[in-house]
Structure formats: structure tokens, C-alpha cells
Amino acid sequence: AERGTEQRTDYVIVIRTYSRRGTIEQHTLEVLRDLDAPIYIFCGTDEMERYKQDFPRYHVRDGGESGVGVCNDRIADHFPEGQRILQCDDDVTRFVETKDGKLLPGDLKTYVRRGFEMCDERGLKLFGFYPVANAMFMQGREEVSLGLSFVMGGIHGFVNDRRLRTRDQYRDDYERSILSWTHFGGVVRFNRAKACNIIYRNSG
């Protein structure tokens, strides 16, 4: 059975992927292993059957062939408005937080729960994490910021809303952050935690 078919959680996990069947399991899926929400994999149209064969436990869906913008639209259209979504890239290698001035493994599950709770409390639709893995920079900041902040796309949570739909093919996370500020007054960003991923270094 597909993972999550019989589970009842208040959010779903979506992984956006292309040409990384060989690494997604050791990267993003490993980082997500303690989360119990249903996992959807949105991949390139021509890769669907191969992803289904390699990952029969997950919900494999067609992410299209025309880049990030189309895939984001497919994700937004697949789920109803108001659905809570934890969206991840396919090259996330670890999730860390600052403890005693050091970057150590973080409790992603707790941050996800807090992120959606704080969005509800503040009337916001987007949460995420500090964009740079630097313990010194992170330690000197307030734990959570709520205004206009950049939420990197590696792992972020959002409440599905047509006003957050992005069009930029390469910097959709910048666009999403600005849209969230424009329409809802800010974002929830945890400044002492970071989702680390491989950027512009491998295929896909």
C-alpha cells in the first residue's frame, strides 16, 4: 500500500524531484523518516513509471515537464485550498539546529508542528528555516521572525492558497516569500534551524 493511505494527519509531505531516483532515498527521504504524514512524489512526466517502480510505498504524481513553475502548479492543483503541505526538494541532506553554538541534528517533526500552529495563530500561510548553515549567525538572531524574511525552498511548509502560486522558474522561493508578505503580512521563519541541501551541484 502507498505510504500514508490509511494514516490521518493534518498535513501531507510533497517532494519535488527530477532525475534523482538514485539519491532521493539517501537524501530527502532519509531526512523525513521520522515524520508520519503521507508522502507524495511529484516527478517528471517521462519518469513516472520508473519512480512508481522504485518507490511503491509513496504516492507518485505527474509534476510535468516544463520546469519548477509547472510542477508548483501541479502541486497546488492536486490538493484543495487550505491543505497543509510540507514541500521538500529532492536533495535535502540533513536538518540541523543550533545548540550551544554548534549545528547539531534537529527535531524536524517538532518544527513542522510548531510552524503550522504559528501560521494558524498569526494568520500566516508560510513557514520555513534560516537560509545559511552558520551557527554564529543563527545564534545571534531572534528564534522566530514573522515579517518579511526569505524562506528557502529546500523544506518549507505552507497552507495551499492560490495567492501563493509562483511563476519564477529559478527563484520561486524568493517569489513565494514576497507573495506571503504581500498578501498575509509575513512569514514564520525559524532562525535557529536549517534544512541543508545540495544546490546546483548535481543533475536534476
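Residues numbered from 1 in each chain as written. Predicted model: local features only at pLDDT ≥ 70, side-chain atom pairs only at ≥ 80, totals over all residues. Heavy atoms only, no water.

## Points about the packing of aromatic side chains
Item 1. The final tally for this structure, using the stated rule, is 14 aromatic pairs.
Item 2. The interplanar angle of 85° and the centroid separation of 5.0 Å between the aromatic rings of F116 and F127 together place this pair among those described as edge-to-face. Of this pair, F116 sits in helix 4 (residues 108-122) while F127 is found in strand 7 (residues 126-129), placing the two residues 11 residues apart along the sequence. Taken individually, F116 and F127 each receive the classification buried, so the pair is uniform in this respect.
Item 3. Members of the aromatic cluster, connected to one another through ring pairs, are Y11, F95, Y111, F116, F127, F129 and F190. (Phe/Tyr/Trp six-rings, centres within 6.5 Å; stacked < 30°, edge-to-face > 60°. Helix = DSSP H or I, 4+ residues; strand = E, 2+ residues; numbered from the N terminus. Buried < 20%, exposed > 50% of the residue type's maximum accessible area, 1.4 Å probe, protein only.)

## Observations regarding the confidence of the model for the chain
Item 1. Per-residue pLDDT for the chain averages 89, and the proportion of residues at 70 or more is 92%.
Item 2. Confidence scores differ between elements of the chain, with helix 5 (residues 135-139) showing the lowest mean pLDDT of 84 and strand 7 the highest of 98. (pLDDT = per-residue confidence, 0-100.)

## Points about helix 4
Item 1. Taking 1.5 Å per residue as the helical rise, helix 4 with its 15 residues ought to reach 21 Å, and the 21 Å between its terminal C-alpha atoms agrees with that figure.
Item 2. Every buried residue belonging to helix 4 is among L108, Y111, V112, G115, F116, M118 and C119, and all of these are buried. Buried residues of helix 4, seen end-on, are gathered within an arc of 160° and therefore sit on one face of the element. (Expected span 1.5 Å × (residues − 1). Arc of directions from axis to C-beta.)

## Some thoughts on the sheet that holds strand 11 (residues 193-197)
Item 1. Pairing is antiparallel across the open sheet formed by three strands, whose spatial order is 6-5-11. One side of each edge strand has no neighbouring strand; the edge strands of this open sheet are strand 6 (102-105) and strand 11. Taking the axes of each pair of neighbouring strands and ignoring which way they run, one obtains an average angle of 40° across the sheet.
Item 2. Bridge analysis of strand 5 (residues 92-99) against strand 6 gives four bridges, and the strand direction is antiparallel. Bridge assignment links K99 to a residue of strand 6, and that residue is K102. (Pairing = 2+ DSSP bridges. Axes fitted to C-alpha atoms, helices over the stretch in contact; angles between N-to-C directions.)

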